[in-house]
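# Structure assessment
Spelled out from the first residue to the last, the chains are:
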Amino acid sequence: MKASLHRPTKALIDLGTIGDNISVVQTGLPQETAVFAVVKANAYGHGAVAVATYLERQVTGFCVATVDEGLELREAGIVKPILVLGVTPLEAVAVAVEAKLSLTVTSHGWVERLLETAMDLSQLTFHIKLDTGMGRIGFRESGAVLQALSALQERGAIFEGVFTHFARADEVDETAFQLQLAAFEQVLEVLPNRPKWVHTGNSATALWHPEAAFNMVRLGNVIYGLNPSGGDLPLPKGIKPALRLVSQLVEVKQLPAGQSIGYGGTYQTQELEWIGTVPIGYADGLVRSMQGFSVLVDGQLCPIIGRVSMDQITIRLPKRYDLGQQITLLGSDGERSLTAQDWADQQRTIHYEVLCLLSDRVYREYIFSKGVKV
Ligand SMILES: *Cc1c(COP(=O)(O)O)cnc(C)c1O
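Residues numbered from 1 in each chain as written. Predicted model: local features only at pLDDT ≥ 70, side-chain atom pairs only at ≥ 80, totals over all residues. Heavy atoms only, no water.

## What about unusual backbone geometry?
Look at Asn42: it is not a glycine, yet its phi comes out positive at around 55 degrees. Take Asn42: it is sitting in helix H2 (residues 40-44). On the basis of relative accessible area, Asn42 is assigned to the partly exposed category, the value being 27%. Although it is not a glycine, Asp298 adopts a positive phi angle of roughly 55 degrees. Take Asp298: it is sitting in the loop between strand S15 (294-297) and strand S16 (300-305). (Helix = DSSP H or I, 4+ residues; strand = E, 2+ residues; numbered from the N terminus. Buried < 20%, exposed > 50% of the residue type's maximum accessible area, 1.4 Å probe, protein only.)

Set out below in structure tokens:
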């Protein structure tokens, strides 16, 4: 989908802030820890190509979820290592190898089927994924790991990394985290040799368990300025949201009492009211459950009234504002601010989902603030 440039609704993304957030996290990590920036899902809505291009000099590599996300980066000229975190279909292995994407190997069944093909595996670079308690993808037994390793290496494939993923690194109670860590260490011990990269760290692990991150971290949401724990655990000072979402009033009208607003007439004016229309809707990622939430106008909270439409919302204004009046949907305006966490609370979800759902229709404009060196 083409982004709608000819519309005042825009995500303003400060790439300098993303770079600064990485630096803040790095100050809490052992110095030799390599950073792979996770730019899956269009860099959590921030634009994968722009984010990766900006970060390429600062980080060691990138992680994506799918082969196509990796190809998009390669086509944009990214040359640093890229790790595909998800399970790659066998049909896509050749194209991934051709693009020098490292693949995640997660099961005996997958390896068996790969080995049945006559494919040349001598250029295949892979990381072994261990399922130490997430129950999703990855080997659960060291025997199967050793078998897969020797079979792949016999065919010339390159063992580049071993990793796991924590299900509960963002919680105050560390019990489950420690069990996963112990399971990971047990498998490491039986490996015939350690690969170049040993890693466990998503954002939460890097922030709150840096001692368990080994020699590489996969930093996702914290680099965009979000708190992986929601708000249960504190972020280090200096982490800031990188994305603002803004728009403008495209229509302002005064309606008498008793008029209904939007599909289904779910809102009725109670008195003479100023109603504004903002060109953003659920097709942009402002989902229907945002009805009743607020936007910022001139430093004040103004409620979203009536149903959220596909392309528009209606808000109640305290007074008349001119067409073109700035609307802040995410970010600060005066003393007040609205965060992805606020949106998530309204939607009874997590902020990850809020930003990933910002659709391609929303035009992304990039800012390169000088940033505060930490
Ligand atoms: C998405 C993902 C990450 C990044 O997680 P954040 O919580 O956003 O830091 C790291 N590792 C794996 C395997 C992932 O799928």
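Now that the structure is up, let's keep going.
## Considerations on the site of the ligand
As a matter of local geometry, the ligand sits amid Val38, Lys40, Tyr44, Leu85, His165, Asn202, Ser203, Arg218, Gly220, Asn221 and Tyr352. Separating an oxygen atom of the ligand from a side-chain N or O atom of Tyr44 is a distance of 2.5 Å. In the model, an oxygen atom of the ligand is placed 3.0 Å from a nitrogen or oxygen of the Gly220 main chain. Burial of the ligand by the protein chains amounts to 91% of its free accessible area of 380 Å². With respect to the pocket detection grid, the ligand is positioned in the largest pocket. (Near = heavy atom within 4 Å. Polar contact = N/O pair within 3.5 Å; in protein donor to acceptor, adjacent residues only side chain to side chain. Areas by Shrake-Rupley, 256 points an atom, 1.4 Å probe, with all protein chains shown as cover. 1 Å grid on protein atoms, 1.4 Å probe; cavity = no way out; pocket = protein on both sides within 12 Å on 5 of 7 lines; lining within 4 Å. Sits in = over half its atoms within 2 Å of the grid points.)

## Focus: helix H3 (residues 48-55)
When we look at burial in H3, the residues that qualify are Ala48, Val51, Ala52 and Leu55. The buried side chains of H3 occupy one side of the element, clustering within an arc of 95 degrees when seen end-on. (Arc of directions from axis to C-beta.)

## Some thoughts on the environment of Asn221
Here Asn221 shows up in the loop between strand S9 (216-219) and strand S10 (243-248). The exposure class assigned to Asn221 is buried, which follows from its relative accessible area of 1%. The spatial distance from the C-alpha of Asn221 to the C-alpha of Pro236 is 14 Å, given a sequence separation of 15 residues. Asn221 has contacts with Tyr44, Ser203, Leu226, Asn227, Pro228, His351 and Tyr352, leaving out every residue within four places of it along the chain. Among the polar contacts made by the side chain of Asn221, one reaches the side chain of Tyr352 at a distance of 2.7 Å. (Contact = heavy atoms within 4.5 Å.)

## Here's the deal with the side chain of Asp14
Tracing the sequence through the fold places Asp14 in strand S1 (residues 10-14). Lacking a salt bridge, the buried Asp14 has Lys240 as its closest oppositely charged neighbour, with an N-O distance of 7.0 Å. (Lys, Arg positive; Asp, Glu negative; His and termini not counted. Salt bridge = Lys/Arg side-chain N within 4 Å of Asp/Glu carboxyl O.)

## Thoughts on helix H4 (residues 67-75)
Every α-helical turn comprises 3.6 residues, leaving residues that sit three or four positions apart pointing alike. Among all positions of H4, only Val67, Glu69, Gly70, Leu71, Leu73 and Arg74 are buried. In this structure, the buried side of H4 is in contact with H2, H3, strand S3 (61-64), strand S4 (82-84), helix H5 (93-98) and strand S5 (101-105). A positive backbone phi angle near 100 degrees is found at Gly77, which sits one or two residues after H4.

## Comments concerning the sheet that holds strand S7 (residues 158-164)
Read once around its circumference, the closed barrel built from eight strands follows the order S2-S3-S4-S5-S6-S7-S8-S9, with strand pairing classed as parallel. Taken over all neighbouring pairs, the strand axes of this sheet differ in orientation by 30 degrees on average, direction set aside. Here strand S2 (residues 34-38) runs beside S9; their pairing, made up of four bridges, is parallel. From the neighbouring strand, Val35 faces S9, where its bridge partner is Val217. On the sheet, helix H8 (residues 175-190) packs against strand S6 (125-130), S7 and strand S8 (197-201) and is oriented at approximately 155 degrees with respect to S7. (Pairing = 2+ DSSP bridges. Axes fitted to C-alpha atoms, helices over the stretch in contact; angles between N-to-C directions.)

## Regarding the pattern of salt bridges
What the rule picks out here adds up to seven salt bridges. The salt bridge involving Glu171 is made with Arg168; its shortest N-O contact spans 3.0 Å. Note on Glu171: relative accessible area 28%, which makes it partly exposed. Accessibility expressed as a relative area gives 41% for Arg168, which makes it partly exposed.

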